[in-house]
Amino acid sequence: MNITDIIRQIRENSTFLAKDNNGERCCAGAAELAQIVDKAWLDRPAAYVLPVEDDAEGNVSQNGLDQNVTQTISIVVDLPNTADPRGQLSASTLDDARADLFRCLLNWRPDWSTGNQGFSYAGGNLVQMDRQRMHWQFRFSLKILITDEDGWQQPAEQITEINGTLTDPQTGEETSLSFAVSNDGANT
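Residues numbered from 1 in each chain as written. Predicted model: local features only at pLDDT ≥ 70, side-chain atom pairs only at ≥ 80, totals over all residues. Heavy atoms only, no water.

(A) Region of the structure containing a nonpolar patch on the surface. Taken together, the side chains of Ile159, Ile162, Leu166, Leu177, Phe179 and Val181 present a nonpolar region at the surface, about 550 Å² in accessible area. Contributing elements (two or more residues each) for the nonpolar patch: β6 (161-167) and β7 (174-182). Broken down by element, the residue count for the nonpolar patch peaks at three residues, all from β7. Of note, Leu166 is situated in strand β6. Leu166 gets classed as partly exposed once you look at its relative accessible area, which sits at 42%. (Patch = residues over 30% accessible without salt bridge, like charges linked within 9 Å, V, L, I, M, F, W, Y side chains within 5 Å. Areas by Shrake-Rupley, 256 points an atom, 1.4 Å probe, with all protein chains shown as cover. Salt bridge = Lys/Arg side-chain N within 4 Å of Asp/Glu carboxyl O. Helix = DSSP H or I, 4+ residues; strand = E, 2+ residues; numbered from the N terminus. Buried < 20%, exposed > 50% of the residue type's maximum accessible area, 1.4 Å probe, protein only.)

(B) Fine view of the pairing of strand β3 (residues 66-80). Most of β3 is tucked away: twelve of the 15 residues are buried. Where strand β2 (residues 46-56) lies against β3, ten bridges are found, and the strand directions are antiparallel. The residue of β3 that forms the bridge with Asp54 is Gln71. Here β3 pairs with strand β5 (residues 133-147) via 15 bridges, running antiparallel. The residue bridging Val77 from the neighbouring strand is Trp136, located in β5. (Pairing = 2+ DSSP bridges.)

(C) Quick peek at the side chain of Thr70. With respect to the helices, strands and loops of the structure, Thr70 is situated in strand β3. Those residues in contact with Thr70 that sit more than four places away from it in its chain are Glu53, Asp54, Asp55, Ser141, Leu142 and Lys143. (Contact = heavy atoms within 4.5 Å.)

(D) How the structure looks around the environment of Ala122. Inspection of the secondary structure assignment puts Ala122 in strand β4 (residues 120-129). Through-space distance from the C-alpha of Ala122 to that of Phe140 is 5.0 Å; in sequence the pair is 18 residues apart. With near-sequence residues (within four places) excluded, Ala122 lies in contact with Arg139, Phe140 and Ser141.

(E) Looking closely at unusual backbone geometry. Of note, the amide linkage connecting Arg44 to Pro45 takes the cis form, showing an omega dihedral of 0°. Its place among the elements puts Pro45 in the loop between α2 (33-39) and β2. Positioned with a positive phi, Asn107 is a non-glycine residue whose angle comes to about 70°. Locating Asn107 in the fold gives a position in the loop between α4 (94-105) and β4. Exposure remark for Asn107: the relative accessible area of 69% places this residue in the exposed category.

(F) Examining the sheet that holds β2 more closely. What the five strands build is an open sheet, ordered β1-β2-β3-β5-β4; its pairing is mixed. Two strands in the sheet have a free side with no partner beyond their single neighbour: β1 (27-29) and β4. The average undirected angle you get between the axes of adjacent strands in this sheet is 30°. Examined bridge by bridge, β1 and β2 share three bridges and lie parallel to one another. (Axes fitted to C-alpha atoms, helices over the stretch in contact; angles between N-to-C directions.)

(G) Geometry of the pattern of salt bridges. This model, assessed by the stated rule, comprises seven salt bridges. In this structure, Asp5 and Arg8 form a salt bridge, with 2.7 Å as the shortest nitrogen-oxygen distance. Here Asp5 pairs with Arg8, and both are found in helix α1 (residues 3-13), just three residues apart, close to one helical turn. Across the pair Asp95 and Arg98 runs a salt bridge, and its minimum N-O distance is 2.4 Å. Separated by three residues within a single helix, Asp95 and Arg98 lie in helix α4, roughly one turn from each other.

(H) Structural detail: a negative patch on the surface. Taken together, Asp66, Asp148, Glu149 and Asp150 make up a surface patch of like negative charges. In this fold, Asp150 is placed in the loop between β5 and β6. (Lys, Arg positive; Asp, Glu negative; His and termini not counted. Charge placed at Lys NZ, Arg CZ, Asp CG, Glu CD.)

(I) The arrangement of the packing of aromatic side chains in detail. In total, this model carries six aromatic pairs according to the counting rule given. An angle of 50° between the planes, with centres 6.4 Å apart, marks the rings of Trp136 and Phe138 as tilted. An aromatic cluster of at least three residues, connected via ring pairs, comprises Phe102, Tyr121 and Phe140. (Phe/Tyr/Trp six-rings, centres within 6.5 Å; stacked < 30°, edge-to-face > 60°.)

All quantities given are derived from atomic positions and should not be read as evidence of function.
Shown next as structure tokens:
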């Protein structure tokens, strides 16, 4: 999954997230949740995109590859919590954060997606809260399809020439008509 495209989609469509010094919405990627909780570096409210799950169904083709995969991302929203250490104020903004992410991601089908549907909502939960901030995780899923074209392909020998002789359909005997096609442009 290309989280850079997801970050771009959120930055271009969010109205909830804070803006940084460059005027872009505060959204970035991370490889693990601990990096966000321990070292959040964006102005709040901010969002961090993490790939979290790749769930493959069984192959349904008997002589090839036809397999659905559900890819799930986590958007961890980092909300300010200094005004209310109990978290009530931060919790009251979760609906706004969720609605904003819904507008950014639901039904969006990235160009690289091989599925026929866009992102769907997969749930959310509290990650961590302290006196400074609250982290809430929203999960979104995208179904993709992997096929034979996505896997290893047997190298084929390049065809350089085709020769043939025509056969009489009534008698089944070869005729005097023949042809040759080659990749050097000399056809006879």
